[in-house]
Amino acid sequence: MSTSRPTLFSSYSTSFKDRVLVVAVTLGWMEKTMMFYGYYSGNGLENTSYKLSLAYILVCISCLVVSLILMGKYLVSDFRETILNTGDGLTEFCNKVFGTWDYALTDDTSARIKHKSVRFELLSDMNEQMFVKEREQRLRDGSLRCKLYTIRIIINIVIVLVLGASGYLIYYVTDYSTGYVSRNADVSGTTEVLVKLLVQFLPAITISALNGMLPVIFQKVVVGEEYTNAFVVKITLVRTVFLRLASLTVLMVTLYSAVTCSTRSDCMSTFSPCSVITCWETYVGQQLYKLIIADFLAVIIKTLLVELPRRLCFEKCSCGIFKKIGPPKFDIPACVLDLVYSQCLYWLALTFAPLAPTFAVLKVVVTFYMKKLSVLKACPPAEQPSRASRTNTFFMVILLIAFFICSVPVGYVFYDMEPSHGCGPFRTYGYMYYAITQTVEGWSSGGQSFYNLIVSPAVTGPLIIFLILLIYYCSVLASAHKSVADIYREQLVREGRDKQYLMVKVMELGRDSKPAPKPRRAKPAGLKNINETAPAPRKVASTNSFRTNERPPSYQTNNQQMSTGIASRKFNQRKKIG
């Protein structure tokens, strides 16, 4: 069997000009480096105990498993915080008014920013509640409700058609690019090489253009559906995620069709309508590498050639069109979604381009500084603050779904696709997972029995059933806790209303039991000066009530009040007689 390094096409140019081009095209000498799968043939390790094939597949599986564990751990903790921070709407504004302020702020600038953030958040919440109430009142009319539902159905149908057309466009462009490159493998002129370069990057450019343009269309058409602001963000993100995952799915299906295409026609003649691919793993890695490069360049072009000139034209030009377009906006959910999309690319490329994670680190660093430049120089502060606590769980769920979607083709490649026999560490195996089974065959009988036991359906089947039941139990337990929390919340509301009712009754009783006004003491007749004493009045129930400037105590009973009134009337009668 030949041990030469794999190549995708028959001939390459070694001039400096063409080498500069093949760096971007990932052909020629770069294909023979450790960047791609075909380099790892294991030459020189035949007489050692190190098994490159086993290490290759275990490293790929370990990276996916570690990613799954980290995502699960973060998702569980964030989901717990989301449940604990769930508000009922009755104390939402109270909590924000009395519990939002950060008393550790000592800088005036930070305090002003925090003040504006709290203010905008309160205004956005109140506007959203007003919008919901106005929509409910307006939708009481059956004709308006029917009109709104019809508009939503039409918009969703149009979006589905657009997504379908985008998938077909990706399939057509990828198929055309593969066929064109295969037919023009031996071009040598500068113009032909540039055209070939453009055609090879055409699928990546198409996918990046669709990922950039269609989300803008989704944000425009969602306005006519009259959703709340929170639901608008979620449904736009769901549509964008579906677009990006669908584009990757169509790309992988197209590559699978090109890789598994038969070298003979239906009549079993020697004529081949398919592209000749010697090392299909390297070919797939090249396509994903081009997609990573296109996504990386899209971030730089968007920041340097779109957002910065747009902000400059908005501030310096007085043209009406620039004022109408306005400055760019820093969309945090879209930026997070870009990271999710990039992570999907690296999960897929890990098997076919082992050094893709190294490029991922470089891309993340450059993207960070590009976004920093965008948020500080190009985009003004957002009027409505981003609510990260409400979207963290949503993004993690999206990332987890994307992980399982990316794991399906990788697992299929390991288990059911025959590897290339001219390149790579698995060229001597029928399937990639044979590297594990043949290693197990060299173990002792006890180790083989244990391995066969843990991978047998008798263990994996009950384990899967147990995990499903555990998930169901946790969901039921969470629903029960939520129901109990709702009961306690309603009980607190009722107790608060009872306290308000009791306070009102106490105030009413206080007003009803207020003592009668004390009569004004008049000067008795016959007194010349204040040193003289008036004749002693008749003995009444209580003489203490006639002391000067003495007010009856608040705890005086009704009998005491009646005695005081009787004494006052008798004193007035005696005064008239005297």
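See above for the structure.
Below is a short write-up of the structure.

Cut-offs and rules
- Residues numbered from 1 in each chain as written.
- Predicted model: local features only at pLDDT ≥ 70, side-chain atom pairs only at ≥ 80, totals over all residues.
- Heavy atoms only, no water.
- Helix = DSSP H or I, 4+ residues; strand = E, 2+ residues; numbered from the N terminus.
- Buried < 20%, exposed > 50% of the residue type's maximum accessible area, 1.4 Å probe, protein only.
- Contact = heavy atoms within 4.5 Å.
- Areas by Shrake-Rupley, 256 points an atom, 1.4 Å probe, with all protein chains shown as cover.
- Axes fitted to C-alpha atoms, helices over the stretch in contact; angles between N-to-C directions.
- Parallel < 35°, antiparallel > 145°, perpendicular 65-115°, else oblique.
- Left-handed = near helix turned anticlockwise from the far one by under 90°.
- Core = buried A, V, L, I, M, F, W, Y, C linked by side-chain atoms within 4.5 Å.
- Polar contact = N/O pair within 3.5 Å; in protein donor to acceptor, adjacent residues only side chain to side chain.
- Expected span 1.5 Å × (residues − 1).
- Disulfide = S-S within 2.5 Å.

**Brief notes about the overall build of the chain**
In terms of helices and strands, the chain carries 17 helices and zero strands. Across the 578 residues of the chain, 32% fall into the buried class. If you take every contact in the chain between residues at least 6 apart in sequence, the share linking residues at least 24 apart comes to 74%. Surface accessibility of the chain: about 37,400 Å² in total, with carbon and sulfur atoms responsible for 64%.

**Here's the deal with the packing of helix 5 (residues 142-183) against helix 6 (residues 190-200)**
Contact geometry of helix 5 with helix 6 gives a least axis separation of 9 Å together with a crossing angle of 150 degrees. Viewed along their axes, helix 5 and helix 6 adopt a mutual orientation that is roughly antiparallel. When you trace helix 5 past helix 6, the crossing you get is left-handed. Counting all contacts with helix 5, which are made through Tyr176, Ser177, Tyr180 and Val181, the residues of helix 6 involved are Val195, Lys196, Val199 and Gln200.

**Concerning the nonpolar core**
In terms of nonpolar packing, the biggest core is built from 79 residues, with Trp280, Val284, Leu291 and Phe426 touching the most fellow members. Once residues within four sequence positions are removed from consideration, Leu291 is found in contact with Ala204, Ile207, Leu248, Leu251, Tyr341 and Leu345.

**A look at the environment of Ala349**
For Ala349, the position within the fold is in helix 11 (residues 332-352). You can call Ala349 buried: its relative accessible area is 1%. Through-space distance from the C-alpha of Ala349 to that of Gln287 is 9.2 Å; in sequence the pair is 62 residues apart.

**Quick word on the side chain of Ser247**
Its location among the elements puts Ser247 in helix 8 (residues 229-259). A polar side-chain atom of Ser247 sits 2.6 Å from the main-chain carbonyl oxygen of Arg244. Discounting chain neighbours no more than four positions away, the residues touching Ser247 are Ile170, Ile207 and Asn211.

**Some details on the packing of helix 8 against helix 11**
Their axes nearest at 11 Å, the elements helix 8 and helix 11 cross at an angle of 20 degrees. Here helix 8 is positioned roughly parallel relative to helix 11, judged by the angle of their axes. Note on packing geometry: the crossing formed by helix 8 with helix 11 is right-handed. Contact residues: Val233, Leu237, Thr240, Val241, Arg244, Leu245, Leu248 and Met252 in helix 8; Pro333, Leu337, Asp338, Tyr341, Cys344, Leu345 and Leu348 in helix 11.

**Topic: helix 7 (residues 202-221)**
Compared with the 28 Å implied by 1.5 Å per residue over 20 residues, the 28 Å span of helix 7 between its first and last C-alpha is a close match. The complete set of buried residues in helix 7 reads Pro203, Ala204, Thr206, Ile207, Ser208, Leu210, Asn211, Leu214, Pro215 and Phe218. Those residues of helix 7 that are buried are in contact with helix 5, helix 6, helix 8, helix 9 (280-316) and helix 11.

**With respect to the state of the cysteines**
Applying the stated criterion across every chain, the model contains one disulfide. For Cys279, the disulfide goes to Cys423, at an S-S distance of 1.9 Å. Since a negative S-S torsion denotes a left-handed disulfide, the Cys279-Cys423 link at about 90 degrees is right-handed. Note that Cys279 is positioned in the loop between helix 8 and helix 9 and Cys423 in the loop between helix 13 (388-416) and helix 14 (434-441), a separation of 144 residues in sequence. With relative accessibility at 1%, the residue Cys279 sits in the buried group. Free of any disulfide, Cys379 has its nearest neighbouring cysteine sulfur in Cys335, separated by 8.2 Å. The structure places no disulfide on Cys406, whose sulfur is separated from the nearest cysteine sulfur, that of Cys344, by 4.0 Å. Taking relative accessible area as the criterion, Cys406 reaches 5% and is therefore assigned buried.

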